[in-house]
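Examining the three-dimensional arrangement
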Amino acid sequence: MKEHNITIYTTTNPAILKFETNHFITKNNSYEYKNIDDAKNSPLAQQLFYLPFIKTVYISGNFIALERFDIVAWDDVRDEVAQQLVEYLNSGEVIVHEQEDPQSVPATVYAENTPNPAAMRFVANKLIVPTIFEFKNKEEAKESELATELFTHPYVKEVFLDENYVSVTKTEAADWNEITLELREHIQRFLTEGKEIVSANSISKQKEEAPATQLQDENLDDVSKQIIDILEEYIKPAVASDGGNIMFKSYDESTKTVNVVLQGACSGCPSSTFTLKNGIENTLKNLMGDKINEVVALNG
């Protein structure tokens, strides 16, 4: 029997914590449970609802995400919950009674504007991928059936996936008023049919090639680690809410320059320069003083 280990990740929603395991625990479907009665097909979710602070349980792929009520803080209970999950997973008990012939999985999707007029954020009512995926063209999207389908629309330029949303960047010739409904219905239909969004092989490969967090890179100096900490705590949640992502690339001690990579809706956004100078750069300068001179986006 496989031995499960749990790694805990925060999300853009402070009420939701993601407990990622080193093995897949479901097949192609994602599951969302609002209460114990709703979780009739998941013994694990039913057990979790006996914890009085659990509001919603999400089970998908290789992770369990939990939304809490405000009666507790995650810092007070996260380790206890992680231990309970490890013990359950390693007991070999059933996680979800899955259908061999999966039926439609209810899904809702709404469209949300981003600061980038060329990008729209399509938010689902469930977690859809365990980590970030960015596809600049159809060739790059071979391991994602959803992205491949979206690229069949002639106006789709780029596709970005992160946790519970799909960010689509369009060509200049298209008008959001004419294409938003079509894209929203396409994504919602795909999720409802329970298709595989990104191949398990691609997810595993990405996990192997990159550390779970940039802070695990042993080659980083202390200043770089401090910069990453600030980006994770203060910058990433805001960037994610705009349909994008920011990654630390490098720090030049001689020029005190921080290089970052912008992804999703933030890549190529007309307001990205303003965001860099008045948001990210100012935040780093305020918190790190004279260690920071400038922040540069390598693809912004």
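Provided above is the structure to which this section pertains.
Residues numbered from 1 in each chain as written. Predicted model: local features only at pLDDT ≥ 70, side-chain atom pairs only at ≥ 80, totals over all residues. Heavy atoms only, no water.

1. Re the sheet that holds strand β6 (residues 109–113)
With respect to topology, 5 strands assemble into an open sheet ordered β6-β7-β10-β9-β8, the strand pairing being antiparallel. Looking at the sheet topology across the chains shown, the edges are occupied by β6 and β8 (133–135). In this sheet, adjacent strand axes meet at a mean angle of 20° when their direction is disregarded. When β8 meets strand β9 (residues 156–162), the two strands line up antiparallel, connected through 3 bridges. Within β9, the position partnered with F135 by the bridge is V159. The sheet contacts of helix α4 (residues 176–192) involve β6, β7 (119–124), β9 and β10 (165–170), and relative to β7 the element is tilted by about 30°. (Pairing = 2+ DSSP bridges. Helix = DSSP H or I, 4+ residues; strand = E, 2+ residues; numbered from the N terminus. Axes fitted to C-alpha atoms, helices over the stretch in contact; angles between N-to-C directions. Contact = heavy atoms within 4.5 Å.)

2. Re the side chain of T257
Locating T257 in the fold gives a position in strand β12 (residues 257–264). At 3.0 Å, the side chain of T257 forms a polar contact with the side chain of T255. Those residues within four positions of T257 in sequence are excluded, and the remaining contacts are S250, Y251, D252, E294 and V296. (Polar contact = N/O pair within 3.5 Å; in protein donor to acceptor, adjacent residues only side chain to side chain.)

3. Regarding the sheet that holds β12
With respect to topology, 3 strands assemble into an open sheet ordered β11-β12-β13, the strand pairing being mixed. Looking at which strands have only one partner, the edges of the open sheet turn out to be β11 (244–252) and β13 (294–297). Averaged over neighbouring strand pairs, the angle between their axes works out to 30° when direction is ignored. Pairing of β12 with β13, which is carried by 4 bridges, proceeds in the parallel orientation. Bridging from a neighbouring strand, V258 pairs with V295 of β13. Relative to the sheet, helix α6 (residues 222–241) contacts β11 and β12, its axis offset from that of β11 by approximately 160°.

4. Some remarks on the packing of aromatic side chains
Two measures describe an aromatic ring pair: the distance that separates the ring centres and the angle between the ring planes. Enumeration according to the criterion identifies 5 aromatic pairs in this entry. Measuring from centroid to centroid gives 6.4 Å for F133 and F135, while their planes differ by 10°, and the two rings are stacked. Centroid distance F160 to Y165: 6.3 Å. Interplanar angle 40°. Geometry classified as tilted. Residue classification places Y165 among the buried residues on the basis of a relative accessible area of 2%. Here the aromatic cluster, defined as three or more aromatic residues joined through ring pairs, consists of F19, F53 and W74. Stacked on the ring of Y165, the Lys or Arg R121 has its end atom at 4.3 Å from the ring centre. (Phe/Tyr/Trp six-rings, centres within 6.5 Å; stacked < 30°, edge-to-face > 60°. Buried < 20%, exposed > 50% of the residue type's maximum accessible area, 1.4 Å probe, protein only. Lys NZ or Arg CZ within 6 Å of the ring centre and 35° of its normal.)

5. As for a negative patch on the surface
Residues D221, D222, D252 and E253 make up a contiguous surface patch of negative charge. Tracing the sequence through the fold places E253 in the loop between β11 and β12. By relative accessible area, which is 65% here, E253 ends up exposed. (Patch = residues over 30% accessible without salt bridge, like charges linked within 9 Å, V, L, I, M, F, W, Y side chains within 5 Å. Areas by Shrake-Rupley, 256 points an atom, 1.4 Å probe, with all protein chains shown as cover. Salt bridge = Lys/Arg side-chain N within 4 Å of Asp/Glu carboxyl O. Lys, Arg positive; Asp, Glu negative; His and termini not counted. Charge placed at Lys NZ, Arg CZ, Asp CG, Glu CD.)

6. A look at the pattern of salt bridges
Any two side chains of opposite charge can pair if their charged atoms end up close together. Counted according to the given criterion, the structure contains 13 salt bridges. Residues E139 and K142 are paired through a salt bridge, measuring 3.3 Å at the closest nitrogen-oxygen approach. Per residue, the accessibility class of E139 equals that of K142, and both read exposed. The salt bridge involving E149 is made with K195; its shortest N-O contact spans 3.3 Å. Here E149 is found in helix α3 (residues 145–150), whereas its partner K195 is found in the loop between α4 and α5 (200–209), with 46 residues between them in sequence. With a relative accessible area of 29%, K195 lands in the partly exposed category.

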